[in-house]
Amino acid sequence: MIEVNDSELADKIIEIRRKNLNKFRKDFKEKPVKYWLEKDRFLNKIGTSLVVILATRGCNWALSSGGGCSMCGYIYDSPVTIPDSESLINQFDLAYKASIPVRVPLAIKIFTSGSFFDEREVPKLAREAILKRIVMDKRVEELIVETRPEYITHEILRECREILGEIHFEIAIGLETSNDNIRHNYINKGFELKDFERAVSIAKNTGVSVKSYLLIKPPFLREREAIIDSTISAIDSFKMGVNSVSFNPCTVHKGTLVEHLWKLGNYRPPWLWSIIEILKNTSEKLNNKIRIICSLVGTGSKKGPHNCGKCDARIREQLNEFTLTQNPEVLSNVECECKQEWLDYCEAEFIWNQITNE
Amino acid sequence: MKNDKKGIFEVVKHDGPGRMGKIDLIDKKILTPSLIHAHFHHINYNSEKIVILNVLPDSLEEKFYTNVFITNTANPFIYPNLNQNLEDQLTLQPNFLTVPCGSFVELEWKTTQSFFDILLKNASFFKEMVGKNHLAVPVFYSKYSDLCEKQIDTLSQIGFDMYILKNLGEIMGNPRQLVEFIVKVRERIQPDSLVYAPGLIHPAYYSHLIYSGVDIFDTTLMIQEARRDSLLLEGGSKKIGELVELPCNCQICEAYSISGMVKMPSKQRFYKLLQHNILFATSVLKRIRLDIREGFLRERVELSSHYSPTLAAYLRILDKNHFNFLEEYTQIAKKGIVYCIGPESYHRPEIERFRKRISERYTPISGIRTVVILPCSAKKPYSLSQSHKRFREVIRHFGKGLIQEVIISSPLGLIPRELEQVYPAAHYDIPVTGDWDQEEIEIASASISKYFEKLDKETVLIAHLDGGYREACLKASNLSGKEVIFTEISGNVAGEKSLSNLKRALEEYADLSGAREVSKIDSLRKVVDYQFGIGAGEKLIPNNADIKRDRMGNVKILLDRKLVALFNQTYGLFKLTLRGAESLANFGYWIEFDGATISGTNLFAPGVKDADPQIRPEDFVMIYNCSKELIAMGISNMSGLEMKRSKKGIAVKLTEKKMD
């Protein structure tokens, strides 16, 4: 764990952060940032997930002198006033109501845009109350919470495990890439691979599953490099004993370094073709040994992963189809004229070193 | 700093900093400036590696390709293992190994600095491990000029065979940054290193970049435009759908119609358009190579300046900020005419150099009491023109050689009569309308007033001028504080009325009392001074020299019946013999040969131990051996600094060698 940040990027990130924290953060409105139901991939079937993004104090890494991550603008979703335990429980209850019509199987995903196990964000009292509510619901088969690895301890996981009983419990960690250099120099993530590995081994010891979030195309990486990086990271995740990988194609968040680069014409979110290639590569190499998920945000817009504009909607459907079915065949019959352009782009980037934002 | 490694590139001919050369690859030679093919593995066939740049063949068939070098130089953060990278490159056996660098997005001074540190570390590693191979290195533009400069300096000190200009995209629209970056690189690296400008560069930019010393371009733009259904044209590109007829006579435009092209499957159309685009770019380069052979590159650059304001600004900034850089590589004379069409010609290096030499190397002939200032003529040398014949008839009337004649012209400034045959005074051509713009008046008056300041106080100045000439002279008179008598011009300057006014003015004001008669020798000495420096004339042409003319009318200088020097009218220069060179022993233009005797008819750059930095291409030079004896004469093919630093290429074409 790198407490004092020595990344070259940190200064710039902190500068952007400072400028925007007061500008973008709003007052607390006694409800979650967002919650919704979605069709989702379970361990071996398709079901429904309730996704809740709790409004908390915000990610400690983003608030710290380390500056936070270069692509993440979720910190601006956290309210100016800090919600207490009671308020967090109320938020969860409010979202939970939305799941009432859902039949089995149900999965619940709790995000805080930070760490569920950071007690500054979610105090022990709130955590236990929420878990106890979930275990009461017999429909729930899976629970997924998100956290940075430094908050994962034997103690906390054992406690959770005890409360949750039969429910499949998975902790999702934003590894982003298995390459320490990229994570340190381009993302400014603030932890190293060995921190992640430590967290995985604690999880294994306590019977908890791990999902690694992998960022497709961190800033400063060229398209071809990003494809290679994500593929390698997925394989590394598998080798480390991770149960699921979730690819997150980078989107341009407001008030981030990535947005700064994007405005200068120095960053283009990944092509959908690149995502297809990564999913094909990884599912071929990992061959259904782990769950491979691709969660798309902002697809088709200039600030999100996109192709030419004509094929984006169609390809998004196919990518979602892959996540649900885990069948790589659904990706094989995608075609569009812009595929050639993407191939050119991957090559020309090496020669020209210059990106077009289109 | 010449090491044992054999050079891979040879400069064949200069035209300013632009050059035509040969790259010696394993299986073939490529002429530069040239276009190399960006090998995209999905466009061409067999490669599993990501990008290999290949020599562009005349056809798109792969069998003609040669691996030049690899540009997928790995990102050091992802592939920190340099040994592995090197091994990977070695298995592909390209002609150049490339120092890996990855990509680079400019952010803060600190991030740029740490990026450059990695680049320089990798560069040193490659030089150390595979210094015997030919090496290419990326050199990055950075807005932090201190870091950028340090990077260029360090890389050029390590020494590479090719420099790849990176991040040009940031500055393609910014002529000032573009000029400064390219010139900075070109000035500091070894003169026989190649410069490659990769990426999306339109052929309209080629002549400008080549003139600044770039040797290689690639086909990235041609591929991109073809993919967008666009055809490259002179100043830009056009989508096929927007055209009524195909724009040229290349084999593609000849063979297809617009509607035929539109109906084609897109993949086929892509290849057709690509072929047109590549043919277009190569034809531009062929024209430029021809221009360099003929010495017309500058004219091509001036022409191309009209494609866009960016290009026009590029040339202006280059001329204004980098005269020394341009002048060093600009030939002292060339066969053919120097065209000065518009304002972009006012500061071309030959012209600027002439004005500089008049001010630095010319001293008025002593004993001159009266100077007549005349306008130039279209015919060169001026004295052969009808108008000058008439002027001289009037002036000679007062005595041969008693009155000094000087001529004013734009953009040359002031030309003393004795120098009217030197290059480029007898070799330039301008559109003569008599209308001068402010800048022309500025330039000419500066040159005239510098001349005025060299004259004795009492010298009588009589100007027989009208229009812009008169204005420039008036301004010079104000600048220098010298009084000038202007004759009255009525109608044509060379008309009878004006001439009689000139005659009257001379009768009234000319000071002939103590005037010394100026001899032919006096005049010729001034030409020698102009070519070799002040004082050279008296050394080369002593009072007992004989002046003769050969059958072609060229002036010969003989000493004890032996030829000393011959004036070549085509080049406007004296050609020296060894006999003549001996008397100019201490006047510069020397080359120190790294040996005792030269065999063959050329002196090659590796044999040059040291050379006078004032040597320019086409200068007459004197070659001394290691024991400081004059052993040969010749015409230089490079600048002095360049031949000293180059590992390859002809430095001097010998004209005469000392017989033992």
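Visitor: Which parts of the structure should I look at to understand the overall build of chain B?
Guide: Looking only at helices and strands, chain B features 21 helices and 30 strands. Over its C-alpha atoms chain B spans a radius of gyration of 29 Å, differing by no more than 12% from the 26 Å that the globule rule assigns to 660 residues. Along the first, second and third principal axes, the C-alpha set of chain B runs to 90 × 65 × 50 Å. For chain B, with 660 residues in total, the buried portion stands at 50%. In chain B, of all internal contacts separated by at least 6 residues, the share reaching a separation of at least 24 is 66%.

Visitor: Honestly, the sheet that holds strand β26 (residues 602-604) of chain B in this entry has me stumped. Any pointers?
Guide: Strand pairing in a sheet takes place through backbone hydrogen bonds and is either antiparallel or parallel in direction. Residues and elements named next belong to chain B. The sheet built from six strands is open, its strands ordered β26-β30-β29-β28-β25-β27 with mixed pairing. Of all the strands in the sheet, just β26 and β27 (608-611) have a single pairing partner and so form its edges. Strand-to-strand twist across the sheet, computed as the mean angle between neighbouring axes with direction ignored, equals 35°. In this structure, strand β28 (residues 620-624) lies alongside strand β29 (residues 630-636), joined through five bridges in antiparallel fashion. Bridging across to β29, M622 finds its partner in M633.

Visitor: Would you take a moment to explain the packing of helix α3 (residues 85-97) of chain A against helix α4 (residues 124-136) of chain A for this structure?
Guide: The description of two helices packed together rests on the angle between their axes and the distance between the axes. All names here are of chain A. Where α3 contacts α4, the axes come no closer than 8 Å and their chain directions differ by 25°. Considering their axes alone, α3 and α4 lie roughly parallel with respect to each other. In the crossing of α3 with α4, the sense of the turn from one axis to the other is right-handed. Where α3 abuts α4, its residues S85, L88, I89, F92 and Y96 lie against L125, A126, A129, I130 and R133.

Visitor: Help me out: how do you make sense of the pairing of strand β19 (residues 460-463) of chain B in this one?
Guide: Across a regular strand the side chains alternate sides, sitting on one face of the sheet and then on the other. All names here are of chain B. Across the two faces of β19 the burial is the same, with V460 and I462 and L461 and A463 all buried. As defined by bridge partners, strand β15 (residues 370-375) adjoins β19 across four bridges and the pair is classed as parallel. Bridge pairing in β19 places V371 opposite L461. Relative to strand β20 (residues 485-486), β19 runs parallel, the two being bridged by two bridges. Each residue of the ladder has a partner; that of I462, found in β20, is I485. In this fold, the crossover linking β19 to β20 by way of helix α16 (residues 467-480) has right-handed handedness.

Visitor: I would appreciate a short explanation of the pairing of strand β25 (residues 590-593) of chain B in the present structure.
Guide: Residues and elements named next belong to chain B. Pairing of β25 with β28 involves three bridges; the strand directions are parallel. Looking at the pairing, I591 lines up with I623 of β28. By the bridge criterion, three bridges tie β25 to β27 in an arrangement that is antiparallel. Paired with E592 across the two strands is D610, which belongs to β27.

Visitor: Help me out: how do you make sense of the interface of chain B and chain A in this one?
Guide: One widely used convention gives an interface's size as the accessible area the parts lose upon coming together. On the side of chain A, 27 residues touch chain B, which itself brings 30 residues to the contact. Put simply, the parts of the chain that give the side of chain B that touches chain A at least two residues each are β4 (34-40), α2 (109-130) and α6 (220-227) of chain B. Top contributing element to the side of chain B that touches chain A by residue count: α6(B), with four residues. Partitioning the side of chain B that touches chain A into residue classes produces 12 nonpolar, 13 polar and five charged.

Visitor: I'm lost on the environment of A:T299 in this one. Help?
Guide: All names here are of chain A. Note on placement: T299 falls in the loop between β8 (291-294) and α11 (312-325). Look at T299 and you get buried, because 21 C-beta atoms sit within 10 Å. Along the primary structure T299 and D11 are separated by 288 residues, whereas in three dimensions their C-alpha atoms are 30 Å apart. Filtering out sequence-adjacent residues up to four positions away, T299 remains in contact with G304, P305, H306, D312 and R316.

Visitor: Would you mind showing me how to read unusual backbone geometry here?
Guide: Glycine aside, the phi torsion of most residues is negative, and most peptide linkages are trans. All names here are of chain B. Going from K380 to P381, the amide bond is cis rather than trans, its omega being -15°. Summarising the element assignment, P381 is placed in the loop between β15 and α14 (386-396). Its identity is not glycine, yet D229 carries a phi of approximately 60°, on the positive side. With respect to the helices, strands and loops of the structure, D229 is situated in the loop between α6 and β12 (230-232). Positioned with a positive phi, K628 is a non-glycine residue whose angle comes to about 65°. Positionally, K628 belongs in the loop between β28 and β29. The class for K628 is exposed, based on 9 C-beta atoms found within 10 Å.

Visitor: Where do I start with the domain arrangement of chain B in this structure?
Guide: Taken domain by domain, chain B holds domain 1 (9-228), domain 2 (365-509) and domain 3 (539-657). Tallying the contact residues gives seven residues for domain 1 of chain B and eight residues for domain 3 of chain B.

Visitor: It is not clear to me how the packing of helix α3 (residues 145-158) of chain B against helix α4 (residues 175-188) of chain B should be interpreted in this structure. Could you clarify?
Guide: Residues and elements named next belong to chain B. It is at 9 Å that the axes of α3 and α4 come closest, and there the two elements cross at 25°. Compared by their axis directions, α3 and α4 come out roughly parallel. The handedness of the crossing between α3 and α4 is right-handed. Residues E149, I152, D153 and S156 of α3 form the contact with α4, whose own contacting residues are K184, V185 and R188. Taken together, the residues that form the contact of α3 with α4 break down as two nonpolar, one polar and four charged.

Visitor: Whenever I open this one, α4(B) confuses me. Can you help?
Guide: Three or four residues apart is the spacing at which side chains of an α-helix point the same way, because the helix has 3.6 residues per turn. End to end, α4(B) covers 20 Å across 14 residues, agreeing with the expected 20 Å (1.5 Å per residue, within 8%). Buried residues in α4(B) make contact with β8 (135-140), α3, β9 (162-166), β10 (194-196), α5 (206-211) and α11 (309-321) of chain B.

Visitor: What exactly am I supposed to notice about the sheet that holds strand β6 (residues 209-216) of chain A here?
Guide: Residue and element names in this part refer to chain A. Within the open sheet, the eight strands sit side by side as β1-β2-β3-β4-β5-β6-β7-β8. Their pairing is mixed. This sheet does not close on itself; its edge strands, each paired only once, are β1 (34-41) and β8. When the angles between neighbouring strand axes are averaged without regard to direction, this sheet yields 25°. The sheet contacts of helix α8 (residues 223-239) involve β5 (168-176), β6 and β7 (244-249), and relative to β6 the element is tilted by about 175°.

Rules behind the numbers
- Residues numbered from 1 in each chain as written.
- Chains lettered and ligands numbered in written order.
- Predicted model: local features only at pLDDT ≥ 70, side-chain atom pairs only at ≥ 80, totals over all residues.
- Helix = DSSP H or I, 4+ residues; strand = E, 2+ residues; numbered from the N terminus.
- Rg over C-alpha atoms; globule rule 2.2 N^0.38 Å.
- Buried ≥ 20, exposed ≤ 12 C-beta atoms within 10 Å, placed from the backbone.
- Contact = placed C-beta atoms within 7 Å.
- Pairing = 2+ DSSP bridges.
- Axes fitted to C-alpha atoms, helices over the stretch in contact; angles between N-to-C directions.
- Parallel < 35°, antiparallel > 145°, perpendicular 65-115°, else oblique.
- Left-handed = near helix turned anticlockwise from the far one by under 90°.
- Right-handed = clockwise from strand over helix to strand, strands pointing away.
- Nonpolar A, V, L, I, M, F, W, Y, C, P; charged D, E, K, R; others polar.
- Domains from an automatic or database assignment.
- Expected span 1.5 Å × (residues − 1).

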